[in-house]
Amino acid sequence: MSAPMQEEMASRPRGMSSIKEALGSWGDIRQLLRGGDQGAIVPVVIPKDGRGLRWLTLVWIALWAFLSAGIATTTDADWAMVPLLLLGVLSLAGAALWWWRSSIIEIEEGTVGVLTKFGAISGPGLTPGRHYLWHPWARVAYVVDVTTEIPYNAPVLACPTHENVPLKSIEFFLKFRIVDALQFVQRIGAGNFDLVLSNSVQDAIRQRSRQVRTEQAYDLRGSDVQDMQDLLNRQLARYGVQIMGCNIPDVQLPTQYRQHISTRERVAKELQAYEKEWDLTRKRRVDTLLMDIERSKKVRDAKVVEVNASLNQARKDVAQMLEEQETEARKVKYEIETRGRTNLVAAQGEARAQEQLATAYRDNRAVLGYELARRRLDVGAQLAQHAPQPVIVQTDGGGSDSSALSTLLLAQMLPRLGEQQSSTRPKPRQVSSETVDTAQQALTDAAKQMIGNRSGGKQG
């Protein structure tokens, strides 16, 4: 790390994150990427390449052995040819094995290896897994973490507000991720990215604080900083970095202003406490009044229930009394109606009996009168049969035969006629129907007169 960067790191406020790249072996890459180095964030690790060209030593030994064996064949040292050939073969095998083993590299999951040849970046990058670098001058220059969302804390000191009041500090927290490893290591690198990111964050925070009044500075905590995130993304997109999220967790005001704020907050809290106490007192009074109202309602309801019960009992008693009176009246009515019907039936029976008696009496009188009249007629007929029959001699009053001679002759003939009639029994006279009807009418009138006299005597 250069001297200006060290001075910049030393001048940073406490609690501010730092980003750097570290040099480490292949076994320490995981620890450096996940845990950092001395409190600094390490998104890029430069692995130590232990291969080198040391394996060429074995190649040169093999060449020397083969050359010595060739020389030994031309001299009297034939005994050294076989050991030299064996040494050369073993040296070549060792060199090949050393070359094969040193060409194997393993890229951690979630990282990308940046491959270089002759110091220049070659290819799109090595994906996680095992790779073989057969080229002697091929190197993995950087291992870049491209999946972890790296947290970054950047407190900004002395941020002036809209009234030009410098705030003590504004804590700013963000998370970023390297999305293009090649672009990141080519254009900026980890150390330079730390300076660029801190400066960009400070500029964004100062712009935001300039828009806020001092009394509203605490409103920055947890506020919406989407515009700041978009601004940082536009500035850092060319470096292959994306801001995943950011917020302002804390704002610290100047000491004097904080005292005023604390005093105002204390007064506000006391006022809030008084308001709460007054609310509790008012609520307690309201609850007491409501309880009294409820108690009065219960007493009123009880009295209403009692009055309703008395009213219902009175209605029941009145209804029962009315029912009893109606029953008694109905009973008296039924007795009167029964007595009236009894008297009516008795009167109707007596009237029917009197009518039947009168009818029977009338019929008997009529029959008796008819029998009496018939017997009278019979007696009169019998008497008329035995009564002397007058002889009416009709003479013409205008005639001239009215002498004494005719009178004498008539007187002589009458005794003869009487004897002749006495010897011959004459037939009884027949009574005409008109005579019978006249007798029956007389009997009927007599019977009606008797019935009228009888009923008049009863009424009297």
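Keep in mind the model is a prediction, meaning the values are calculated, not measured. (Residues numbered from 1 in each chain as written. Predicted model: local features only at pLDDT ≥ 70, side-chain atom pairs only at ≥ 80, totals over all residues. Heavy atoms only, no water.)

Student: Is there a simple way to explain the packing of aromatic side chains in this structure?
Tutor: We describe a pair of aromatic rings using the distance from one ring centre to the other and the angle between the two ring planes. Tallied over the entire structure, the rule returns 2 aromatic pairs. On the basis of an interplanar angle of 55 degrees and a centroid distance of 5.2 Å, the ring pair of Phe176 and Phe193 is categorised as tilted. Here Phe176 is found in strand 10 (residues 166-178), whereas its partner Phe193 is found in helix 6 (residues 189-210), with 17 residues between them in sequence. Each member of the pair, Phe176 together with Phe193, is buried. An angle of 70 degrees between the planes, with centres 5.4 Å apart, marks the rings of Phe184 and Phe193 as edge-to-face. In this structure, Phe184 and Phe193 share a single accessibility class: buried. (Phe/Tyr/Trp six-rings, centres within 6.5 Å; stacked < 30°, edge-to-face > 60°. Helix = DSSP H or I, 4+ residues; strand = E, 2+ residues; numbered from the N terminus. Buried < 20%, exposed > 50% of the residue type's maximum accessible area, 1.4 Å probe, protein only.)

Student: Please explain the pairing of strand 7 (residues 138-145) as it appears in this structure.
Tutor: Regular strands place side chains that alternate from one sheet face to the opposite one. Counted residue by residue, strand 7 has 6 buried out of 8 residues, so it is predominantly covered. Sheet topology places strand 2 (residues 41-47) next to strand 7; 2 bridges connect them, and they run antiparallel. Each bridged residue has a counterpart across the sheet, and for Val45 the counterpart in strand 7 is Val143. (Pairing = 2+ DSSP bridges.)

Student: Please clarify how the nonpolar core should be interpreted in this entry.
Tutor: A general feature of soluble globular proteins is that nonpolar side chains tend to end up buried together. Counting 44 residues, the largest nonpolar core has Leu174 and Phe176 as the members making the most contacts within it. Excluding its chain neighbours within four sequence positions, the residues that come into contact with Leu174 are Ile150, Pro151, Tyr152, Leu197, Val201, Leu232, Ile243, Gly245 and Cys246. Counting residues in each nonpolar core, the second largest holds 14 residues, with Val42, Ile105, Ile107 and Leu115 among its members. (Core = buried A, V, L, I, M, F, W, Y, C linked by side-chain atoms within 4.5 Å. Contact = heavy atoms within 4.5 Å.)

Student: Got a minute to help me understand the sheet that holds strand 1 (residues 19-24) in this structure?
Tutor: With respect to topology, 5 strands assemble into an open sheet ordered 1-2-7-4-5, the strand pairing being mixed. Each edge of the open sheet is held by one strand with a lone partner, namely strand 1 and strand 5 (120-121).

Student: Quick question: what am I supposed to make of helix 4 (residues 81-102) here?
Tutor: Taking 1.5 Å as the rise per residue, helix 4 with 22 residues should run 32 Å; its terminal C-alpha atoms sit 31 Å apart, in good agreement. Every buried residue of helix 4 is listed here: Leu84, Gly88, Ser91, Ala95 and Ser102. Projected down its long axis, helix 4 shows its buried positions confined to an angular sector of 80 degrees, all on one face. Of the exposed residues in helix 4, those oriented more than 90 degrees away from the buried face are Val82, Leu86, Leu90, Leu97 and Arg101. (Expected span 1.5 Å × (residues − 1). Arc of directions from axis to C-beta.)

Student: Would you take a moment to explain the UniProt feature "coiled-coil region" (unreviewed entry) in the chain for this structure?
Tutor: UniProt feature "coiled-coil region" (unreviewed entry): in the numbering of this structure it lies at residues 304-331. From the first C-alpha to the last, residues 304-331 spans 39 Å; its make-up is 100% helix and 0% strand. (UniProt positions renumbered as here; feature names shortened; annotations may be inferred.)

Student: I'm lost on the confidence of the model for the chain in this one. Help?
Tutor: Do not read the fine detail of predicted coordinates wherever pLDDT is low. When the pLDDT values of the chain are averaged, the result is 76; 76% of them are 70 or greater. The secondary structure element of the chain with the lowest average pLDDT is helix 1 (residues 3-10), at 49, and the one with the highest is helix 7 (residues 226-236), at 89. Here residues 1-5 is a poorly scored stretch, pLDDT under 50, and it has 6 contacts once near neighbours within four places are set aside; other chains count. Below pLDDT 50 for its whole length, residues 425-433 participates in 8 contacts with residues either more than four positions away or in separate chains. (pLDDT = per-residue confidence, 0-100.)

Student: How do you make sense of the pattern of salt bridges when you look at a structure like this?
Tutor: Pairs can form between side chains of opposite charge whenever their charged atoms are close. Using the criterion set out here, one finds 10 salt bridges in the structure. In this structure, Lys20 engages Asp37 in a salt bridge whose closest nitrogen and oxygen atoms are separated by 3.1 Å. Separated by 17 residues along the polypeptide, Lys20 in strand 1 and Asp37 in the loop between helix 2 (29-35) and strand 2 bring together distant segments of the chain. Its relative accessible area of 16% is what places Lys20 among the buried residues. Among the residues examined, Asp37 registers a relative accessible area of 23% and is labelled partly exposed. Ionic pairing is found between Arg213 and Glu163, a salt bridge with its closest N-O pair at 3.2 Å. Placement of the pair is Arg213 in the loop between helix 6 and helix 7 and Glu163 in the loop between strand 9 (156-160) and strand 10, with a sequence separation of 50 residues. The exposure class of Arg213 is partly exposed, given its relative accessible area of 40%. Relative accessible area serves as the criterion here: at 33%, Glu163 is assigned to the partly exposed category. (Salt bridge = Lys/Arg side-chain N within 4 Å of Asp/Glu carboxyl O.)

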